[in-house]
Amino acid sequence: MRVLGVDPGLTRCGLGVVDGGLGRSITGVAVDVVRTPAEDEVAQRLLRIGDAVEEWLDTYRPDVVAVERVFSQHNVRTVMGTAQAGGVVALCAARRGLPVAFHTPSEVKAAVTGSGRADKAQVTMMVTRLLGLARKPSPADAADALALAICHLWREPMRARLAEAEAKAAELARAHKARLAAAARKAREGRTGATS
């Protein structure tokens, strides 16, 4: 499976592509950061991010896009820009029929480092080590994009199995409930037949 990981942001939007093989084997394919000037209008900045994402989707043809889920931060303006950039990425993927998965920062940190409280330096170090890179991806947005892709590759199989198990359990519960209802109906009919 090939995953495009995206660390959304208006000033810097990290993009990273990782291939996953059997088990936990992973290979880094590409990484970069799209930068937009702060003095440009927001619409133009989002257009530039959208164009870059479209180009990456054409070039690398991922099977899924993993985007960092925006959480509240102290700076509302930063949150808004990050959410807008993430929305543009999701839209680009949806136009191509690609699934989009959102992962929280703590999910990504836990998947890559083993701790949901890891700092950016620890995430960068582990991404470098896991992908066998000659040098650390820089800036941190680049490493975060690769970490998002790795997180998705390692968490999604478990999430899919869990969803499948939940669906089977729900189906068994529906079948059991239907059997109970049928038995109750039959018992009522038997009582009605016995009193007439």
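Residues numbered from 1 in each chain as written. Predicted model: local features only at pLDDT ≥ 70, side-chain atom pairs only at ≥ 80, totals over all residues. Heavy atoms only, no water.

Caption draft 1: Examining the nonpolar core more closely. Formed by 22 residues in total, the largest nonpolar core has its most connected members in Leu4, Val6, Leu15, Ile49, Val53, Leu57 and Val65. For this core, the secondary structure elements donating two or more residues are strand 1 (2-7), strand 2 (12-20), strand 3 (26-35), helix 1 (42-60), strand 4 (64-68) and helix 2 (76-95). In this structure, Val3, Ala118, Leu146 and Cys151 belong to the second largest nonpolar core, which totals 21 residues. (Core = buried A, V, L, I, M, F, W, Y, C linked by side-chain atoms within 4.5 Å. Buried < 20%, exposed > 50% of the residue type's maximum accessible area, 1.4 Å probe, protein only. Helix = DSSP H or I, 4+ residues; strand = E, 2+ residues; numbered from the N terminus.)

Caption draft 2: Seen up close, the packing of helix 3 (residues 105-113) against helix 4 (residues 120-131). The geometry of helix 3 relative to helix 4 is characterised by a closest axis approach of 9 Å and an angle of 45 degrees between their N-to-C directions. The angle between helix 3 and helix 4 places the two elements in the oblique class. Relative to helix 4, the crossing made by helix 3 is left-handed. Contact with helix 3, carried on its side by Lys109, Val112 and Thr113, involves Gln122, Val123, Met126, Val127 and Leu130 of helix 4 and no other residues of that element. Class assignment of the residues belonging to the contact of helix 3 with helix 4 gives a composition of five nonpolar, two polar and one charged. (Axes fitted to C-alpha atoms, helices over the stretch in contact; angles between N-to-C directions. Parallel < 35°, antiparallel > 145°, perpendicular 65-115°, else oblique. Left-handed = near helix turned anticlockwise from the far one by under 90°. Contact = heavy atoms within 4.5 Å. Nonpolar A, V, L, I, M, F, W, Y, C, P; charged D, E, K, R; others polar.)

Caption draft 3: Examining the state of the cysteines more closely. Here the structure, examined in full by the defined rule, presents zero disulfides. Cys13 forms no disulfide, and the closest cysteine sulfur to it belongs to Cys92, at a distance of 9.9 Å. (Disulfide = S-S within 2.5 Å.)

Caption draft 4: Unusual backbone geometry, seen in detail. Here the residue pair Ser138 and Pro139 is connected by a cis peptide bond, since its omega of 0 degrees sits within 30 degrees of zero. Among the secondary structure elements, Pro139 is positioned in the loop between helix 4 and helix 5 (140-195). For Arg61, which is not glycine, the phi dihedral falls at a positive 45 degrees. Considering the arrangement of structural elements, one finds Arg61 in the loop between helix 1 and strand 4. In this structure Arg61 comes out as exposed when scored by relative accessible area, which is 59%.

Caption draft 5: Expanded view of the pairing of strand 2. Pairing analysis gives six bridges linking strand 1 to strand 2, with the strands arranged antiparallel. The partner of Gly5 across the bridge, within strand 2, is Gly16. The antiparallel pairing of strand 1 with strand 2 creates a hairpin that spans four residues between the two strands. Here strand 2 folds back onto strand 3 in antiparallel fashion, the turn holding five residues, of which Gly23 has a positive phi close to 65 degrees. (Pairing = 2+ DSSP bridges.)

Caption draft 6: The side chain of Thr82, seen in detail. By the secondary structure assignment, Thr82 is in helix 2. A residue is classified by how much of its surface remains accessible, and Thr82, at 12% relative accessible area, is buried.

Caption draft 7: Region of the structure containing the pairing of strand 3. Where strand 2 lies against strand 3, nine bridges are found, and the strand directions are antiparallel. Residue pairing across strands places Gly20 opposite Ile26, the latter belonging to strand 3.

Caption draft 8: Structural detail: helix 1. A rise of 1.5 Å per residue sets the reference length of helix 1, with its 19 residues, at 27 Å; its end C-alpha atoms lie 27 Å apart and thus fit the reference within 8%. Along helix 1, the positions that sit buried rather than exposed are Arg45, Leu46, Ile49, Gly50, Ala52, Val53, Trp56 and Leu57. Each buried residue of helix 1 sits inside an arc of 165 degrees when the element is viewed along its axis, so together they form one side. In this structure, helix 1 carries Ala43 and Glu55 as exposed residues pointing more than 90 degrees from its buried face. Those residues of helix 1 hidden inside the fold are in contact with strand 1, strand 2, strand 3, strand 4 and helix 2. (Expected span 1.5 Å × (residues − 1). Arc of directions from axis to C-beta.)

Caption draft 9: Local environment of the packing of aromatic side chains. For the coordinates displayed, the defined rule picks out one aromatic pair. With 4.9 Å between their ring centres and 50 degrees between their planes, Trp56 and Tyr60 make a pair best called tilted. In this pair, Trp56 and Tyr60 both sit in helix 1, four residues apart, roughly one turn of the helix. (Phe/Tyr/Trp six-rings, centres within 6.5 Å; stacked < 30°, edge-to-face > 60°.)

Caption draft 10: A look at the packing of helix 1 against helix 2. Orientation of helix 1 relative to helix 2, taken along the N-to-C sense of each, is 40 degrees, at an axis distance of 9 Å. Relative to helix 2, the element helix 1 is oriented oblique. Read as a crossing pair, helix 1 and helix 2 show a hand that is right-handed. Together, Val42, Leu46, Ile49, Gly50, Val53, Glu54 and Leu57 of helix 1 and Gln84, Ala85, Val88, Val89, Cys92, Ala93 and Arg95 of helix 2 make up the contact between the two elements.

Coordinates in, geometry out; function isn't part of it.
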